[in-house]
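Summary of structural features
Listed below are the residues making up each chain.
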Amino acid sequence: MAKIKGSIVVNMENCKGCEICMVSCPTGTISMAKEVNGKGYYYAYPANPDLCIGCASCAMVCPDGVITVYKTKI
Amino acid sequence: MIEATGIKEIIKPENLAYRKTDIMTDNILSYCPGCGHGTAHRILAEVIDEEELQSQTIGVSPVGCSVMMYNYLDVDIQQAAHGRAPAVATAIKRLMPEKFVFTYQGDGDLAAIGTAETIHACNRGENILIIFINNGIYGMTGGQMAPTTLPGMKSSTSPFGRDVKTMGNPLKMTDIVATLPGTYYVTRQSVHTPANVRKTKKAIRKAVQYQKLDKGTCFIEIVANCPSGWKMTPVQSNKWMEETMFPFYPLGDLKTPEE
Ligand SMILES: Cc1ncc(C[n+]2csc(CCOP(=O)(O)OP(=O)(O)O)c2C)c(N)n1
Ligand code: SF4
Ligand code: SF4
Ligand code: SF4
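Residues numbered from 1 in each chain as written. Chains lettered and ligands numbered in written order. Predicted model: local features only at pLDDT ≥ 70, side-chain atom pairs only at ≥ 80, totals over all residues. Heavy atoms only, no water.

1. Description of the site of ligand 3
Near ligand 3, the surroundings consist of Cys15, Lys16, Gly17, Cys18, Glu19, Cys21, Met32, Ala44, Cys62, Pro63, Val66 and Ile67 of chain A. In the shell around ligand 3, the residues fall into 9 nonpolar, 1 polar and 2 charged. (Near = heavy atom within 4 Å. Nonpolar A, V, L, I, M, F, W, Y, C, P; charged D, E, K, R; others polar.)

This is the structure:
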């Protein structure tokens, strides 16, 4: 059976580190970085990229619209 | 743009599943981290994009944190005096009935200083969409008590909690306008989870269709967080909103058209 694989791109300079994407991700793909971006926020990043299914839940709830989602069948 | 990316091989144009609509400009939002205003703007922009209404839309922005909405939505926007957005929108829609006209207002704007404009526009059944962002306080000015502040809720002007005996009862504007003959579709939603974002988008899309059919006022309340005013982290504020705001302001339709 074809497996659905996803991948996200976070515009980390514009991320405000609110963590809402992280708690909305059903697969635990996203974590907060241990370092801050130029504005001083601990930005979100795909810490476990293999887990991403491209569902776009994270992007849908990101108040700052900084997540882009890609999805494909493998 | 500095990016944090997942698996690189999947990141190709043909695999694109979601990106911010161009109707949201690239300007950095002035909102605090995690604030629901950003999400509410974006889904409104998505509907305008999907319905191909960019050149047909005129919005009216309020006084409050979202006063500079015109920096973020790439559509025509008129900023109105505090609370007067429904009156301004009335004029715009009457002069240009072919346009999609909406107001976007906080609870201080819509339910305090603008109570008269809100109620009378709804009662007249102006053919506009009113989007009401209810975070239970005045966000922009420092978290003061609003008419919508819950009983017992702390704010900077009710530091021991709202005592309804001396400070009055919270006003449920959405329930009030639902009783008026001029409103056609009245609903209360939220934008803090993916499922709620989908529902709110659907509500906005319905309101767009009803306005095309000249059905009267559509009113969408979005119960939203104000992490800064509530003095919580964004994630805590969403949880508090579910536990404390939703029992008082239950989500769902208050008035649906008889179809
Ligand atoms: C005529 C007038 N009165 C008072 C103010 C001060 N003021 C600015 S924003 C605001 C309240 C905004 O609260 P709300 O509508 O809830 O929006 P939020 O900032 O929470 O999004 C007030 C009272 C003003 N700008 N103009
Ligand atoms: S697309 Fe879905 S699975 Fe992937 S990071 Fe976002 S929420 Fe998680
Ligand atoms: S929801 Fe958006 S702004 Fe908030 S942490 Fe995630 S990527 Fe950053
Ligand atoms: S003060 Fe509250 S409503 Fe205003 S931007 Fe900050 S979190 Fe949002």
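That covers the picture; the talk isn't over yet.
2. What to know about the sheet that holds strand β4 (residues 67-73) of chain A
Read from one edge to the other, the open sheet built from 4 strands follows the order β1(B)-β1(A)-β4(A)-β2(B), with strand pairing classed as antiparallel. The outermost strands of the open sheet, each flanked by one partner alone, are β1 (3-5) and β2 (16-18) of chain B. Recorded for the sheet is a direction-independent mean angle of 25° between the axes of neighbouring strands. (Pairing = 2+ DSSP bridges. Helix = DSSP H or I, 4+ residues; strand = E, 2+ residues; numbered from the N terminus. Axes fitted to C-alpha atoms, helices over the stretch in contact; angles between N-to-C directions.)

3. Some words on the state of the cysteines
All names here are of chain B. Throughout the structure, instances matching the rule amount to 0 disulfides over all chains. We note that Cys218 lacks a disulfide partner, and the nearest cysteine sulfur, in Cys122, lies 9.9 Å from it. According to the relative accessible area criterion, Cys218 is buried, its value standing at 1%. (Disulfide = S-S within 2.5 Å. Buried < 20%, exposed > 50% of the residue type's maximum accessible area, 1.4 Å probe, protein only.)

4. Quick look at the packing of aromatic side chains
The geometry of an aromatic ring pair is captured by the separation of the ring centres together with the interplanar angle, meaning the angle of the planes. Residue and element names in this part refer to chain B. For the structure on display, the rule yields 7 aromatic pairs over all chains. Measuring from centroid to centroid gives 5.9 Å for Phe100 and Phe102, while their planes differ by 35°, and the two rings are tilted. By the burial criterion, Phe100 is buried, and Phe102 matches it. Looking at Lys172, its charged tip hangs above the ring of Phe248, at a distance of 4.1 Å from the centre. (Phe/Tyr/Trp six-rings, centres within 6.5 Å; stacked < 30°, edge-to-face > 60°. Lys NZ or Arg CZ within 6 Å of the ring centre and 35° of its normal.)

5. Details of helix α1 (residues 36-50) of chain B
With 15 residues, α1 of chain B should reach 21 Å at 1.5 Å per residue; the first-to-last C-alpha distance of 21 Å fits that figure. Among the residues trailing α1 of chain B, Glu52 of chain B stands out with phi positive, at a value near 55°. (Expected span 1.5 Å × (residues − 1).)

6. Overview of the site of ligand 4
Inspection of the region around ligand 4 gives Tyr31, Cys32, Cys35, His37, Cys65, Asn135, Gly139, Cys226, Pro227 and Ser228 of chain B as its neighbouring residues. Broken down by class, the residue content of the shell around ligand 4 amounts to 6 nonpolar, 4 polar and no charged.

7. Comments concerning the packing of α1 of chain B against helix α7 (residues 194-212) of chain B
Residues and elements named next belong to chain B. Two numbers describe how α1 lies on α7: the axes approach to 10 Å, and their chain directions differ by 45°. When the axis of α1 is compared with that of α7, the two are oblique. The interaxial crossing formed by α1 with α7 has right-handed handedness. Here Thr39, Ile43, Leu44, Glu46, Val47 and Glu50 of α1 come into contact with α7, specifically with Val197, Thr200, Lys201, Ile204, Arg205 and Val208. Each residue belonging to the contact of α1 with α7 can be placed in one class, and the counts come to 6 nonpolar, 2 polar and 4 charged. (Parallel < 35°, antiparallel > 145°, perpendicular 65-115°, else oblique. Left-handed = near helix turned anticlockwise from the far one by under 90°. Contact = heavy atoms within 4.5 Å.)

8. Looking at the nonpolar core
Counting 61 residues, the largest nonpolar core has Ile67 of chain A together with Leu73, Phe102 and Leu129 of chain B as its most contacted members. Filtering out sequence-adjacent residues up to four positions away, Ile67 of chain A remains in contact with Ile8, Val9, Val10, Cys21, Cys58, Ala59 and Cys62 of chain A together with Tyr18 of chain B. Ala111, Ile128, Phe132 and Val186 of chain B belong to the second largest nonpolar core, which has 19 residues in total. (Core = buried A, V, L, I, M, F, W, Y, C linked by side-chain atoms within 4.5 Å.)

9. Digging into the packing of helix α2 (residues 85-95) of chain B against helix α4 (residues 115-124) of chain B
Residues and elements named next belong to chain B. Interaxial distance between α2 and α4 falls to 8 Å at its minimum, and their mutual angle equals 35°. Residues Pro86, Ala87, Thr90 and Arg94 of α2 pack against Glu117, Thr118, Ala121 and Arg124 of α4. Its residues assigned to classes, the contact of α2 with α4 comprises 3 nonpolar, 2 polar and 3 charged.

10. Some thoughts on unusual backbone geometry
With the exception of glycine, the majority of residues adopt a negative phi angle, and the majority of peptide bonds are in the trans configuration. Residues and elements named next belong to chain B. For Glu52, which is not a glycine, the phi torsion comes out positive at approximately 55°. Summarising the element assignment, Glu52 is placed in the loop between α1 and β3 (57-61). Residue Asp214 is not a glycine yet carries a positive backbone phi of 60°. Among the secondary structure elements, Asp214 is positioned in the loop between α7 and β10 (217-223).

11. Details of the interface of chain A and chain B
With 39 residues of chain A in contact, the opposing surface of chain B contributes 35 residues. With both chains or domains summed, chain A and chain B bury close to 3000 Å², and 66% of this area falls on carbon and sulfur atoms. Sorting the residues of chain A by area buried against chain B places Lys16, Met60 and Tyr70 of chain A first, and these three jointly supply 21% of that buried surface. Run the count over chain A and chain B and you get 0 salt bridges. Counting across the interface, chain A meets chain B through 12 residue pairs in polar contact (both at pLDDT 80 or more). Mapped onto the side of chain A that touches chain B, the elements with two or more residues apiece are β1 (4-11), α1 (20-24), β3 (42-46), α2 (57-61) and β4 of chain A. (Buried area = accessible area lost by both parts, 1.4 Å probe. Salt bridge = Lys/Arg side-chain N within 4 Å of Asp/Glu carboxyl O. Polar contact = N/O pair within 3.5 Å; in protein donor to acceptor, adjacent residues only side chain to side chain.)

Purely geometric numbers; function is a separate question.
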